[in-house]
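# Examination of the molecular architecture
The primary structure of each chain is shown beneath.
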Amino acid sequence: MMTPVVLWSDVLIWLLVLAASVLGWLSRRNPLLRAAWQRVGRSRAGMASATVLLVFVCIGLLDSLHYRPRLEDSAGRGTGTSSEKTAVYSVEVLSLLDFLLTPLRTRTEKTYSEPLATRAHAKESIEIRDADGQLRQSRDYPRLKHGGAHLGSDEARRDADVAERVLRALGLAMLVWWMLAAATAALLARRQNCSHRQAWRRIWHNESDLACNAVLAAIAALLLCGLPLAILASDYHVFGTDKVGQDVLYQVLKSVRTALVIGLVTTLVMLPVAIFLGIVAGYFRGWIDDLIQYLYTTLSSIPGVLLIAAAVLMMQVLIDTHPQWFATAAERADLRLLALCCILGVTSWTGLCRLLRGETLKLRELEYIQAAQAFGVSDLRIIARHILPNLMHIVIIALVMDFSSLVLAEAVLSYVGIGVDPTMISFGTMINNARLELAREPMVWWSLAAAFVFMFTLVLAANLLADAMRDAFDPRLAGSA
Amino acid sequence: MSQETTVNEKRLLEVRDLSIAFASGRSLLAAVEGIAFEVAAGETLALLGESGCGKSATALALLRLLPAAGRILGGEVSFTGRDLLRLPEADMRGVRGGGMAMIFQEPATSLNPVLTVGRQMAEVLEHHLGLAGQTMRARSLELLTAVGIADPERRLGEYPFQLSGGMKQRVMIAVALAGNPCLLIADEPTTALDVTIQAQILELLRRLQAERAMGMLLITHDLGVVAQMATRVGVMYAGEIVEEAPRAAFFASPRHPYTQKLFAALPNLARRGGRLETIPGQVPPLSAMPGGCRFAARCAHAWDLCRQEAPQWREVGPDHRVRCHLDDEQGRVHSTGSKKVIASTTGTLATPALLAVADLCVHFPIRRGLLQRPVGYVRAVDGVSLELARGRTLALVGESGCGKTTVGKAILQLLPASGGSVRLLGQELVGQSRRELRPLRRRLQMIFQDPFASLNPRMAVGEIIGEGMRALAMPGTNPQRPDRAAAIAAVLQQVGLDPAAAGRYPHEFSGGQRQRIAIARALAVQPDLVVCDEPTSALDVSVQAQILNLLADLQADLGLAYLFITHNFAVVDHLAHAVAVMYLGRIVEQGTVDEVLRSPQHPYTRALLSAVPSPRLDEQPEFIRLPGEIPSPANPPDGCHFHPRCRQASAVCRERYPGTSTLSTTHTVRCHLYR
């Protein structure tokens, strides 16, 4: 039926998921880390944003399982004997998310249409067959092929239809939420051996160990926004369509993965470099320190965009001259995405490195390091056992904080034209495509607005989580709380 | 009526029933409960207590400067007739600095580093006296002169980093005095300073107080400072004042068991070689205050009533009040230190030296310029020679910056020596590679000053102790786990901790317990020599006594040798067999404890000893005032390093450094007076 395709970025993403679960398992066993995570769990803003982020991550993960569907045998040679041997697969690489969103993906219009519209955004010459069988040309907004198609000719009923669907969706959302909340209360009641009523009170008075009320509130908000979107999307283009008639909601959902890859894989690229060089510079000092300092001061004094532009263009030339490397366009775009991650990683490790060097300089003078030196413990072991664990809070905080700035950086770079492959859907390319249309009259605003709202939510959630994690992991702040 | 007003005028500050709490989550934890005291003009009330008993919170509450979590629950603070707790904030700003001024503990952080001294004084003068221009400048100069700063013209334009520690504290005092306060609150004003500087500052405070008839509220943990400064003493314990007495009565006959224990815990000559009294347990945490007498859990004389009912004030003498259920004579604690004198033979020992240090030098290059060429050297240690035998204690004393810690670290090869030799059991340590040093590492270990910085917060206690065993692959402990766990449990028991502590993390322990863990870590590899770098200076008196007892026991049981680096002469007196006094990287006097402490010969040793405040009223020798402070080791004075501060300096002192003069077989001194 299909053949799985493993893109390099998929490998990295699932590796990250694996690493995160290993980290989670390790921090369950380490009481200090567990205490820090419990502090995150008690932070209401942190847990609400974590819930939102989890939804984004799920979308991204669904979008990271790729396959190539098998093409249907053409009717002409459908006798069935030869088809087993020569299974033909499509050149188009799809993901699980694409499969789930098939209606959104396939129902393309001709060009722009407004959100929830039944007709196109621009007038066209249409041929209408009159009652007497004559063709007549008129200039009007053409009817959309898919948007509101179920209404038939009764376009006036659209508002009522939308309102009815929204109401139905809100009702459904409340029902689902109520069930979830009841299940949470029941679980808590069973865990803590108290009545449901008490468990319920504990949740809302924030007396449980986890900020359940924040999670439930975030889920409520997500359901109230998400379900109406889902129900409307089955027959309308909720966020409209773009220049080539593709559904903007579909584009926005596809952009999430690009943003996550840029945010996470880049940190993965830069983290080892930053940690290694930072600690080595701070711990050994002397000429090693000088060398590393010269390296990062030089690197950070080159304008970042210039460096990235040069590297991306070189990469582009390389890709263009070797088309035989890539079986599909998706693979090519994927490689370019990874290259961008690497380049962003190379230019962004300096800040964290500098921070870690300074902290290591402070730590190495502490008495427990000297006590270890008095035992003749090797340098490598001192770094691994004494210095690295005491730097982890900085690393975790920097990781979460960098994530949001990298997502924004991708948007800026794609806008300038040196970001991801133009065929790859990302927030940056969406904004880039939409920018010219802002000057149009009437204005095409929905592409930009949808990208903005989604990106804003993603980055805000990441920032709020970063704040909560900094409060929980920073030993100075944790001590005072 | 008229009589009463005169009394009221005399009383500057009256605190009644003041209660302070700190918000923690949704609950309030009472830090200070119902304390009451008075300060009259010209008198000094000393609030004495260990850390965490609410002294500083009280002082801050008087000025209404409690941190955000602090709340004043009730009570009355009447200052020159006004109730400060009901004053609007705008008026309160006039009281702060104008009526009451405060001196903080750490001069380095209480001055703003980006403002000049003149600017910081001007702030107060402008606000409280409305001075400006030339009059303000004149007043600033006057104040700086009053606090004993030479060349005040120049100092006005200088920044705090250009001043030494003692000078900064003088400037702080000048800033505090600028608003002409009638009450000075001094929160541990000399704790961060060296003894000679401390003596200068205390003298200055006494003089200023007498000149200006100021009241003073002195907050301290040091009985020696109390003996020198106070007119009356209030002892605080766990948020309450438990005893209040005039100075003479306080030192002659302390009545509360806690006060008596505090005195008994002080190391001194009478208890030399014996065990110090300790107070078992620790101050109860704010969250779990006992219902009855707060000291009951640690008191040897507690009976049922103590645990049920909080004691009320009881007069036991003129102006002498105590909060205790015990009757007059019943509660007399006789400090009977069990005289387990360690068999110590004075004089030289026949046993070969365990450690022999000869001409040890540690020079740090000062690098300048593009190529980082050394342009000079900081001679932190400049030719130190020591000998230490098994089972003995050598105390290395001196003020901060004299290089005593550097000596300790250079002996452990934590710092590379620039010259000289360190021999352990005849084996040379200087210049050895790391691999060659490793088998010797086991024999010498170090205990650090700050028990909060010397334990890795991310490692469990068992891992911390096991690290050394593992790194040195201790014989008898296989890499197999159960063996090492047993060894860790044994060493924990040796230092008086529960073996179950191995699974817990350092932050769960108090300062004293942490220092025990640090000792256990050093003991785990069975060393012969332990370098103790001020192991008790970060601890309270009662905890210090526990640690000193532990160190003495370990020495008796295991035959350890200690190189004890300290600035506390009482501890030296109690523990050491021999003493070496350091000044600017060199040992100026060396001998047995009796020789050096009873008949000091070098002028520096004499001055140092005279500056130590004694916790008794009768014993304070005449203070030999040392002008100035320790010079920089980067640029030591020509000739004898001490001559610019020495009253007995002669022409020859300015020309060359004195050689070693031998006074007895064990007593040597480097001074031209003993040629």
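This is a predicted model, so every value here is computed, not measured. (Residues numbered from 1 in each chain as written. Chains lettered and ligands numbered in written order. Predicted model: local features only at pLDDT ≥ 70, side-chain atom pairs only at ≥ 80, totals over all residues. Heavy atoms only, no water.)

Time to look at the sheet that holds strand E2 (residues 66-69) of chain A. The strands making up a sheet are joined through hydrogen bonds of the backbone, oriented either antiparallel or parallel. Residues and elements named next belong to chain A. The strand order E1-E2-E3 describes an open sheet built from three strands, whose pairing is antiparallel. Single-partner strands in this sheet number two, and they are strand E1 (2-5) and strand E3 (94-95). Here E2 pairs with E3 via two bridges, running antiparallel. Paired with His66 across the bridge in E3 is Ser95. (Pairing = 2+ DSSP bridges. Helix = DSSP H or I, 4+ residues; strand = E, 2+ residues; numbered from the N terminus.)

On to helix H3 (residues 89-98) of chain B, then. Within the span of H3 of chain B, buried status applies to Met92, Val95, Arg96, Gly97 and Gly98 of chain B. Buried residues along H3 of chain B sit in contact with helix H2 (55-62), strand E4 (70-79), strand E5 (82-83), strand E6 (100-103), helix H5 (117-129) and helix H8 (165-177) of chain B. (Buried < 20%, exposed > 50% of the residue type's maximum accessible area, 1.4 Å probe, protein only. Contact = heavy atoms within 4.5 Å.)

Once that is clear, we can look at the interface of chain B and chain A. Note on interface size: it is often stated as the accessible area lost on association of the parts. The partner chain A presents 25 residues to the 28 residues of chain B that form the contact. With both sides pooled, the region where chain B packs onto chain A buries about 2400 Å², and carbon together with sulfur makes up 51% of that total. Across the contact surface, chain B and chain A share two salt bridges. Across the pair Glu463 of chain B and Arg385 of chain A runs a salt bridge whose closest N-O atoms are separated by 3.2 Å. On the surface where chain B and chain A come into contact, there are twelve residue pairs in polar contact (both at pLDDT 80 or more). Those elements giving two or more residues to the side of chain B that touches chain A turn out to be helix H15 (434-441) and helix H16 (461-471) of chain B. Per element, the largest residue contribution to the side of chain B that touches chain A is five residues, and it comes from H16 of chain B. A class-by-class count of the residues in the side of chain B that touches chain A yields eleven nonpolar, six polar and eleven charged. (Buried area = accessible area lost by both parts, 1.4 Å probe. Salt bridge = Lys/Arg side-chain N within 4 Å of Asp/Glu carboxyl O. Polar contact = N/O pair within 3.5 Å; in protein donor to acceptor, adjacent residues only side chain to side chain. Nonpolar A, V, L, I, M, F, W, Y, C, P; charged D, E, K, R; others polar.)

Before going further, it helps to spend a moment on the side chain of Arg514 of chain B. Residue and element names in this part refer to chain B. With respect to the helices, strands and loops of the structure, Arg514 is situated in helix H18 (residues 511-523). One buried charged residue, Arg514, forms no salt bridge at all, with the nearest opposite charge on Asp450 at 6.5 Å. Here the side chain of Arg514 touches Phe509 through a polar contact of 3.5 Å, landing on its backbone oxygen. (Lys, Arg positive; Asp, Glu negative; His and termini not counted.)

This part is about the confidence of the model for chain A. Should pLDDT be low for a region, the predicted coordinates there are not to be read in detail. Residue-level pLDDT values for chain A average 85, and 95% of them are 70 or greater. Confidence drops under pLDDT 50 across residues 75-83 of chain A; counting only partners more than four residues distant or on other chains, this segment forms two contacts. (pLDDT = per-residue confidence, 0-100.)

All names here are of chain B. If you trace the four strands from one edge of the open sheet to the other, you get E14-E13-E16-E17, paired in antiparallel fashion. Both edges of this open sheet fall to strand E14 (373-389) and strand E17 (427-428), since each of them pairs with a single strand only. For strand E16 (residues 419-424) and E17, the ladder comprises two bridges, and the chain directions are antiparallel. Within the sheet, the bridge partner assigned to Arg423 lies in E17 and is Glu428.

All names here are of chain A. Relative to each other, helix H15 (residues 427-435) and helix H16 (residues 446-473) sit at 150°, their axes nearing to 9 Å. What the angle tells us is that H15 and H16 run roughly antiparallel. Of the two elements, H15 crosses H16, and the hand of that crossing is left-handed. Contacts from Phe427, Met430, Ile431 and Ala434 of H15 reach H16 at Ser447, Leu448, Ala451, Phe454, Met455 and Leu458. For the contact of H15 with H16, the class distribution of residues is nine nonpolar, one polar and no charged. (Axes fitted to C-alpha atoms, helices over the stretch in contact; angles between N-to-C directions. Parallel < 35°, antiparallel > 145°, perpendicular 65-115°, else oblique. Left-handed = near helix turned anticlockwise from the far one by under 90°.)

All names here are of chain B. Note on placement: Gln515 falls in helix H18. For Gln515, a relative accessible area of 0% puts it in the buried group. Discounting chain neighbours no more than four positions away, the residues touching Gln515 are Ile447, Phe448, Gln449, Pro451, Pro535, Leu539 and Ile547.

Another point: the UniProt feature "domain: ABC transporter" (unreviewed entry) in chain B. Using the residue numbers shown here, the UniProt feature "domain: ABC transporter" (unreviewed entry) corresponds to residues 15-263 and 366-609 of chain B. Along residues 15-263 of chain B the backbone is 42% helical and 28% strand, and the end-to-end C-alpha distance reaches 27 Å. (UniProt positions renumbered as here; feature names shortened; annotations may be inferred.)

With that settled, consider the packing of aromatic side chains. Residue and element names in this part refer to chain A. As enumerated under the stated definition, the model contains 17 aromatic pairs over all chains in all. The interplanar angle of 80° and the centroid separation of 5.7 Å between the aromatic rings of Trp445 and Trp446 together place this pair among those described as edge-to-face. Ring-pair connections join several aromatic residues into one group, and the members of that group are Phe56, Phe239 and Phe454. Taking NZ or CZ as reference, Arg364 lies 5.4 Å from the ring centre of Tyr283, over its face. (Phe/Tyr/Trp six-rings, centres within 6.5 Å; stacked < 30°, edge-to-face > 60°. Lys NZ or Arg CZ within 6 Å of the ring centre and 35° of its normal.)

On to a nonpolar patch on the surface, then. All names here are of chain A. On the surface, a nonpolar cluster with roughly 820 Å² of combined accessible area is contributed by Val6, Trp8, Val11, Leu15, Leu18, Val22, Trp25 and Leu26. Within the fold, Leu26 resides in helix H1 (residues 8-29). Classification of Leu26 by relative accessible area gives partly exposed; the value is 41%. (Patch = residues over 30% accessible without salt bridge, like charges linked within 9 Å, V, L, I, M, F, W, Y side chains within 5 Å. Areas by Shrake-Rupley, 256 points an atom, 1.4 Å probe, with all protein chains shown as cover.)

Residue and element names in this part refer to chain B. The full count for this structure, using the stated rule, is 47 salt bridges over all chains. Between Glu89 and Arg64 there is a salt bridge, with its nearest N and O atoms 3.3 Å apart. In this pair, Glu89 is assigned in helix H3 and Arg64 in the loop between H2 and E4, connecting sequence segments 25 residues apart. You can call Glu89 partly exposed: its relative accessible area is 41%. Classification of Arg64 as partly exposed rests on a relative accessible area of 21%. Two residues, Glu244 and Arg321, come together in a salt bridge whose shortest N-O distance is 2.7 Å. Taken together, the positions of Glu244 in strand E10 (residues 240-246) and Arg321 in strand E12 (residues 320-323) put the pair 77 residues apart, joining distant regions of the chain. On the basis of relative accessible area, Glu244 is assigned to the buried category, the value being 6%. On the accessibility criterion, Arg321 (22% relative accessible area) is partly exposed. Among the ionic contacts, a cluster of salt bridges with common partners joins Arg11, Glu14, Arg16, Glu38 and Glu76.

Once that is clear, we can look at the pairing of strand E7 (residues 183-187) of chain B. All names here are of chain B. Burial within E7 is extensive, with five of its five residues counted as buried. Burial along E7 is two-sided: the residues Leu183, Ile185 and Asp187 and Leu184 and Ala186 are all buried. Alignment of E6 against E7, held across four bridges, turns out to be parallel. Paired with Ala101 across the two strands is Leu184, which belongs to E7. Pairing of E7 with strand E8 (residues 215-220), which is carried by five bridges, proceeds in the parallel orientation. Bridged to Leu183 within E8 is Gly215. Note on the crossover from E7 through helix H9 (residues 195-212) to E8: the handedness is right-handed. (Right-handed = clockwise from strand over helix to strand, strands pointing away.)

The residue Ala210 of chain B is located in helix H9 in this model. For the pair Ala210 of chain B and Val572 of chain B, spaced 362 residues apart in sequence, the C-alpha separation works out to 34 Å.

To continue, consider the domain arrangement of chain A. All names here are of chain A. In terms of domain boundaries, chain A breaks down into domain 1 (2-71 + 87-106), domain 2 (153-233) and domain 3 (248-471). Across the boundary between the two partners, domain 1 contributes 32 residues, which contact 25 residues of domain 3. Three residues, Leu16, Leu53 and Phe56, lead the burial of domain 1 against domain 3; their summed loss comes to 21% of the area buried on that side. Our count for the domain 1 to domain 3 interface comes out at three salt bridges. Asp98 is the partner of Lys254 in a salt bridge, and the nearest nitrogen-oxygen pair spans 3.1 Å. Taken together, the connections running from domain 1 to domain 3 amount to ten residue pairs in polar contact (both at pLDDT 80 or more). Contributing elements (two or more residues each) for the side of domain 1 that touches domain 3: H1, helix H2 (31-42), helix H3 (44-62), E2, helix H4 (96-100) and helix H5 (102-106). (Domains from an automatic or database assignment.)

Before going further, it helps to examine helix H9 (residues 248-284) of chain A. All names here are of chain A. Taking 1.5 Å of rise per residue, the 37 residues of H9 would be expected to cover 54 Å, and the 53 Å separating its terminal C-alpha atoms lies within 8% of that figure. At Met270, H9 shows its maximal bend, which comes to roughly 30°, and the proline Pro272 appears one to four places after that position. With 30 of 37 residues buried, H9 lies mostly within the body of the structure. Backbone geometry just after H9 places Arg285 at a positive phi near 50°. (Expected span 1.5 Å × (residues − 1). Bend = angle between axes of the 7 residues up to and from the residue.)

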